[in-house]
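# An overview of the molecular structure
Residues per chain are reported as follows:
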Amino acid sequence: MSSSWNDPDFKTREDTALASAGTFDVLRFALVVASGPEAGARFESTGERLGVGVHPANEVRVDDARVSRFHCELRVHPRGVQVRDLGSRNGTLVDGVRVDQAWVEHGATLRVGKTLLRFELLGGKNRIPLSERQSFGSLFGAAPSMRALFAVLELAAPTDSTILLEGETGTGKEEAAQSIHDASLRREGPFVVLDCSALPPNLLEAELFGYERGAFTGANKSKAGLFEEAHGGTLFLDELGELRPDMQPALLRVLEQREVRRLGSTRTFSVDVRLLAATHRDLREEVTAGRFREDLYYRLAVVHARIPPLRERLEDLPMLADVLLRRMGLGDVELATLLTPELLAAIGRSRWPGNVRELRNYLERCMVLGDVQPFAQATEPSTEPGRVDARLPYADARTDALARFERDYAAALLELHEGNVSAAARAAGLARPYLHRILRRHGLR
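Quick summary incoming for the structure in this document. (Residues numbered from 1 in each chain as written. Predicted model: local features only at pLDDT ≥ 70, side-chain atom pairs only at ≥ 80, totals over all residues. Heavy atoms only, no water.)

### Remarks on the overall build of the chain
- The secondary structure content of the chain amounts to 15 helices and 22 strands.
- Going through the 445 residues of the chain one by one, you find that 48% of them count as buried.
- Considering only contacts within the chain whose residues lie at least 6 apart along the sequence, 61% involve residues at least 24 apart.
- Accessible area for the chain stands at about 21,400 Å²; split by element, carbon and sulfur atoms hold 50% of it. (Helix = DSSP H or I, 4+ residues; strand = E, 2+ residues; numbered from the N terminus. Buried < 20%, exposed > 50% of the residue type's maximum accessible area, 1.4 Å probe, protein only. Contact = heavy atoms within 4.5 Å. Areas by Shrake-Rupley, 256 points an atom, 1.4 Å probe, with all protein chains shown as cover.)

See below:
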């Protein structure tokens, strides 16, 4: 029997319900300003996230001189709600502890600058629109996070709006850009790609805007830039977060005026180009750090789309394995031989820090060698005490390590004091309610 992702074995009742409903329900939560300039204000989530900062674009705008423009954000995950600091100047504190990233529970306090926020889980759910389809162009996924992405791209693709794609390395940002172009009214026009991290700074400007003969040493003839080449179509700037600050005003000027001027020329060319941009960085952090222009960020993020990492949609692994192996030329018979329960179990044991690109490379190795292949030593997360999985992004590895320490410490502390929480809290120098939260978080009470 073929092991295709179209088989009923690979679909769950939840998937079927989501497909018919076309929506996905996520936790509702709120932030209440307990103290500070906005004391008493209440902000409730209407989607998957709430951004906190001074800038009006944040859902939670805090008028506090010690708060950064984009200070932190709270985002709903399948496991709960997580707060992430966005490189703020003065940090984000959860229950008095400074964090880069942490899970928050009902009643937790967040301090940003001089403002104290209380986190509350609310009854009911927020409804996120989902695409009815499990693909968009060359992207595939049945997980709610991917179908929510498809719903956004289906609406944005036919327009000329600039789209900012954010996602980790290997998640498929270039495939997403190509798929957007193919679904747009510019599909008959050129699709031009530039990787901003692949060129030295002195060549990047010449590639983008072109140059006239004699503009610099080695310019023996005039050359059109990529904006001119993409006229009537789409220009995709990959890894735009690597664009050096002195070039950002020139890019902003092109986006606003729709004109380019070649290096060494006084004449401008009108260009009709749709711009798509991608980065593995969070550009809000870059804005806060002063490395990226705020006005350029808003000009790029007319539509903002986050491509989720593979570890957030592991339920898509059977589908992706089928799709990727078929792209490598395997038919039904070969798939039935290779795509076995053993292979599916093997790929389900990794967190895939390299995302879809890493999965594709692993499957190709299995195809070439004709059997399930072992992962490299570093692929399997280490369970040795004190060891970390260096294949994870730093923030995830740090969060996992802190969570393990917190649970082990709390368990040992409780055992030492024979289950007496008050005595344990006094000995550890913790407030008793805070220790109770730790114990609940790790199922120790």
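### Observations concerning the pairing of strand β10 (residues 109–112)
- By the alternation rule, side chains of β10 split into L110 and V112, which are all buried, and T109 and R111, of which none is buried.
- When β10 meets strand β11 (residues 115–129), the two strands line up antiparallel, connected through four bridges. Paired with R111 across the two strands is L116, which belongs to β11.
- Two successive antiparallel strands, β10 and β11, enclose a turn made up of two residues, where G113 displays a positive phi of approximately 60°. (Pairing = 2+ DSSP bridges.)

### Structural notes on the environment of V254
- Summarising the element assignment, V254 is placed in helix α6 (residues 248–257).
- Note on V254: relative accessible area 4%, which makes it buried.
- In sequence terms V254 and S270 are 16 residues apart; their C-alpha atoms lie 9.3 Å from each other.
- Once residues within four sequence positions are removed from consideration, V254 is found in contact with F209, F227, E259 and V260.

### Brief notes about the pairing of strand β3 (residues 49–53)
- Taking burial as the measure, the five residues of β3 include four buried ones, the bulk of the element.
- In terms of strand pairing, β3 meets strand β5 (residues 72–77) through four bridges, oriented antiparallel. Residue pairing in the sheet places G51 in a bridge with E73 of β5.
- With two bridges connecting them, β3 and strand β4 (residues 60–61) associate as parallel partners. Looking at β4, one finds that G53 is bridged to R61.

### Structural notes on the pattern of salt bridges
- Taken as a whole and assessed by the stated rule, the structure comprises 30 salt bridges.
- Salt-bridge contacts for R281 lead to E242; the nearest nitrogen and oxygen are separated by 2.8 Å. You can see R281 sitting in the loop between β21 (274–279) and α7 (283–288) and its partner E242 sitting in the loop between β18 (234–238) and α6, a full 39 residues away along the chain.
- Note on R281: relative accessible area 31%, which makes it partly exposed.
- For E242, a relative accessible area of 30% gives the class partly exposed. (Salt bridge = Lys/Arg side-chain N within 4 Å of Asp/Glu carboxyl O.)

### Description of the packing of aromatic side chains
- Within this structure, the stated rule accounts for nine aromatic pairs.
- Ring geometry for F209 against F227: centres 6.0 Å apart, planes inclined by 5°, an arrangement best described as stacked. Taken together, the residues F209 in helix α4 (residues 201–209) and F227 in helix α5 (residues 226–229) connect sequence positions 18 residues apart. Here the two residues F209 and F227 agree in accessibility, since each one is buried.
- Aromatic pair Y297 and Y298: ring centres 5.1 Å apart, planes at 75°, arrangement edge-to-face.
- Assessed through its relative accessible area of 7%, Y297 is described here as buried.
- Taken together, the ring pairs connect F70, Y297 and Y298 into an aromatic cluster. (Phe/Tyr/Trp six-rings, centres within 6.5 Å; stacked < 30°, edge-to-face > 60°.)

### A word on the environment of G354
- With respect to the secondary-structure elements, G354 resides in the loop between α11 (341–347) and α12 (355–369).
- For G354, a relative accessible area of 24% corresponds to the partly exposed category.
- In the structure, G354 is positioned 185 residues away from T169 in sequence and 6.6 Å away in space, judged by C-alpha atoms.
- Residues within four places of G354 in sequence aside, it is in contact with T169 and G170.

### Overview of the sheet that holds strand β9 (residues 101–104)
- The five strands are arranged β4-β3-β5-β6-β9 in an open sheet whose pairing can be described as mixed. Strand pairing shows two members of the sheet lacking a second neighbour, β4 and β9, which therefore form its edges.
- As paired elements, strand β6 (residues 80–85) and β9 share four bridges and run antiparallel to each other. Note on β9: the bridge partner recorded for R84 is Q101.

### Some points on the nonpolar core
- Judged by nonpolar contacts, the single largest core of 35 residues is most densely connected at F227, L235, L237 and L240.
- No other element matches the five residues that α6 contributes to this core.
- If we ignore the near neighbours within four places in the chain, the residues touching L237 are L194, C196, L208, L251, L275, L276, A277 and A278.
- By size, the runner-up hydrophobic cluster in this structure holds 27 residues, among which are L31, L74, V104 and F119. (Core = buried A, V, L, I, M, F, W, Y, C linked by side-chain atoms within 4.5 Å.)

### What to know about unusual backbone geometry
- One non-glycine residue with positive phi stands out, namely R258, at about 60°.
- Topologically, R258 is positioned in the loop between α6 and β19 (259–261).
- With a phi angle near 60°, N355 is a residue other than glycine that sits in the positive phi range.
- Tracing the sequence through the fold places N355 in helix α12.

### Topic: the environment of A65
- Topologically, A65 is positioned in the loop between β4 and β5.
- Separated by 49 residues in the primary sequence, A65 and K114 place their C-alpha atoms 8.4 Å from one another.

### A look at the side chain of D282
- Mapped onto the elements of the fold, D282 is located in the loop between β21 and α7.
- D282 gets classed as buried once you look at its relative accessible area, which sits at 11%.
- Of note is the side chain of D282, whose polar atom sits 2.8 Å from the side chain of R284. (Polar contact = N/O pair within 3.5 Å; in protein donor to acceptor, adjacent residues only side chain to side chain.)

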